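Residues per chain are reported as follows:
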Amino acid sequence: AECVSGCVCPEGLFDDGKGGCVEEKDCPCSHNNQWYSPGQKITVDCNTCTCQRGVWSCTEDLCYGTCTIYGSGHYITFDGKFYDFDGSCEYVATQDFCGDRNSSGSFSIITENVPCGTTGVTCSKAIKMFLGKTELKLENKDYKEIQRDIGDDVQYWNRTVGLYLVIEASNGVMLIWDKKTTVFIKLTPDYKGKVCGLCGNFDGKSNNDFTTRNGLQETNALKFGNSWKQSSMCPDVTEEIKPCDVKPHRKSWAEKECSIIRSEVFKICHSKVDPIPFYEACVHDACSCDSGGDCECFCSAVAAYAQECTKAQACVFWRTPDIC
């Protein structure tokens, strides 16, 4: 609410933040450094906000949570925390088997991360999805189903949408996979605060997302990530890998290619989704993908930003015959 009465305007009128004086009912609202007039609506997640007298009035629907894993070890948790973790092992991405040992859950999603390129960064090579007694394994652009002896029957459906394979289960879990290194996990609001793993706890607060397997709050992404590995045989990750320092000759190429994220092409999205973490992730990936598939890593990184833009209702047409 920027609209204030004061010495700027005559009695009864309000400064509208743009050099004019208006009645209170005509006060504009601000969101992400943009001004909106009274009556204008914006969408935030699954809610609609309407500008009324200089203040946003929003619907309060509970929204699906989305966790994103993409490229070489980039994670965006359900609560929007952005971090990097390069471990070579199987890790719990998210599950509802949390808390005490006897707690029952209905699903678990495991990501198998392997080195991609020669710098030591890792990418998600395969995804395992456990739904009751069904195990689905997604790898090599395909998926297979394995039936186990224990567990409940959880129904699921699969369909292909554009580039993506979508698996939707009756328990409110959805997995969207680009058949390469990008995975989106969507959960219904019923799971709020009831999940754990690399995707965080989905309680609406990002500052407690680094909760380890034994329930401790961690500040360090490496210690947090190590706690969610599936096998004690895998080594712990001890240092963050900076591929552009390892391959300095690739750095300027990476920065030049990735600058599209900060360019005019994505201008309408910049005020809605901060491009900086996506740009940095793109440079990181473009430096690290040095064993073929250079552009694939770059394209996945730009596509991840484009996807967030689309969620924020800023559709950007960035693919051209020359780019991806």
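Predicted model only: the values in this text are computed from it and were never measured. (Residues numbered from 1 in each chain as written. Predicted model: local features only at pLDDT ≥ 70, side-chain atom pairs only at ≥ 80, totals over all residues. Heavy atoms only, no water.)

**Focus: the overall build of the protein**
Here's step 1: Within the protein one finds six helices and 19 strands.
Here's step 2: Projecting the C-alpha coordinates of the protein onto the three principal axes gives extents of approximately 75 × 50 × 40 Å.
Here's step 3: With 324 residues in all, the protein has 47% of them scored as buried.
Here's step 4: A fraction of 47% describes how many contacts in the protein between residues 6 or more apart in sequence connect residues 24 or more apart. (Helix = DSSP H or I, 4+ residues; strand = E, 2+ residues; numbered from the N terminus. Buried < 20%, exposed > 50% of the residue type's maximum accessible area, 1.4 Å probe, protein only. Contact = heavy atoms within 4.5 Å.)

**Comments concerning the pairing of strand 18 (residues 173-177)**
Here's step 1: Across the five residues that make up strand 18, a large majority, five, are buried.
Here's step 2: In strand 18, alternate side chains face the same way, and those of Val 173, Leu 175 and Trp 177 on one face and Met 174 and Ile 176 on the other are all buried.
Here's step 3: Where strand 17 (residues 164-169) lies against strand 18, four bridges are found, and the strand directions are antiparallel. Across the sheet, residue Val 166 finds its bridge partner in strand 18, namely Ile 176.
Here's step 4: Hairpin remark: strand 17 followed by strand 18, antiparallel, with three residues in the connecting loop; positive phi at Gly 172, about 90 degrees.
Here's step 5: The hairpin formed by strand 18 and strand 19 (residues 183-187) contains five residues between the paired strands, and Lys 179 there has a positive phi angle of roughly 70 degrees. (Pairing = 2+ DSSP bridges.)

**Structural notes on the domain arrangement of the protein**
Here's step 1: For the protein, the assigned domains read domain 1 (14-58), domain 2 (65-227) and domain 3 (243-312).
Here's step 2: Inter-centroid distance (C-alpha atoms) of domain 1 to domain 3 is 33 Å. (Domains from an automatic or database assignment.)

**Details of the sheet that holds strand 13 (residues 122-131)**
Here's step 1: Strand order in the open sheet made by the five strands is 11-12-13-14-15, with antiparallel pairing throughout. Edge strands, defined here as strands with exactly one partner in the open sheet, are strand 11 (90-95) and strand 15 (142-147). Within this sheet the neighbouring strands show an average axis-to-axis angle of 25 degrees, counted without direction. (Axes fitted to C-alpha atoms, helices over the stretch in contact; angles between N-to-C directions.)

**Quick word on the side chain of Asp 86**
Here's step 1: When you line up the elements, Asp 86 lands in the loop between strand 10 (82-84) and strand 11.
Here's step 2: From its side chain, Asp 86 meets the backbone nitrogen of Thr 122 in a polar contact 3.0 Å long.
Here's step 3: For Asp 86, the residues in contact, after removing those within four places along its chain, are Ser 72, Gly 73, Gly 120, Val 121, Thr 122, Val 237, Ile 241 and His 284. (Polar contact = N/O pair within 3.5 Å; in protein donor to acceptor, adjacent residues only side chain to side chain.)

**Thoughts on unusual backbone geometry**
Here's step 1: The residue Lys 141 is not glycine, and still its phi comes out positive at about 65 degrees.
Here's step 2: Inspection of the secondary structure assignment puts Lys 141 in the loop between strand 14 (134-139) and strand 15.
Here's step 3: Residue class for Lys 141 comes out exposed when judged on its relative accessible area of 57%.
Here's step 4: Of note, Phe 202 is a non-glycine position whose phi angle comes to about 55 degrees, a positive value.
Here's step 5: Within the secondary structure, Phe 202 is located in the loop between strand 19 and helix 1 (221-227).
Here's step 6: The exposure class of Phe 202 is buried, given its relative accessible area of 2%.

**Comments concerning the sheet that holds strand 10**
Here's step 1: Strand order in the open sheet made by the seven strands is 10-9-8-19-18-17-16, with antiparallel pairing throughout. Since the sheet does not close on itself, it has two edges, and those belong to strand 10 and strand 16 (156-161), each with one partner. Averaged over all neighbouring strand pairs, the angle between strand axes comes to 15 degrees, with direction disregarded.
Here's step 2: The pairing of strand 16 with strand 17 spans six bridges and is classified as antiparallel.

**A look at the state of the cysteines**
Here's step 1: All told, the structure shown has 13 disulfides when counted by the stated rule.
Here's step 2: Residue pairing for Cys 67: its cysteine sulfur links by disulfide to Cys 199, the two sulfurs lying 2.0 Å apart. Around the S-S axis, the bridge from Cys 67 to Cys 199 shows a dihedral of about -75 degrees and counts as left-handed. Here the residue Cys 67 occupies a position in strand 8 (residues 65-70), and Cys 199 occupies one in the loop between strand 19 and helix 1, the gap between them amounting to 132 residues. Accessibility classification places Cys 67 together with Cys 199 in one group, the buried group.
Here's step 3: Cys 295 takes part in no disulfide bond, and the closest cysteine sulfur, belonging to Cys 299, lies 5.8 Å away.
Here's step 4: Cysteine Cys 315 shares no disulfide, and the gap to the nearest cysteine sulfur, in Cys 309, comes to 9.1 Å. (Disulfide = S-S within 2.5 Å.)

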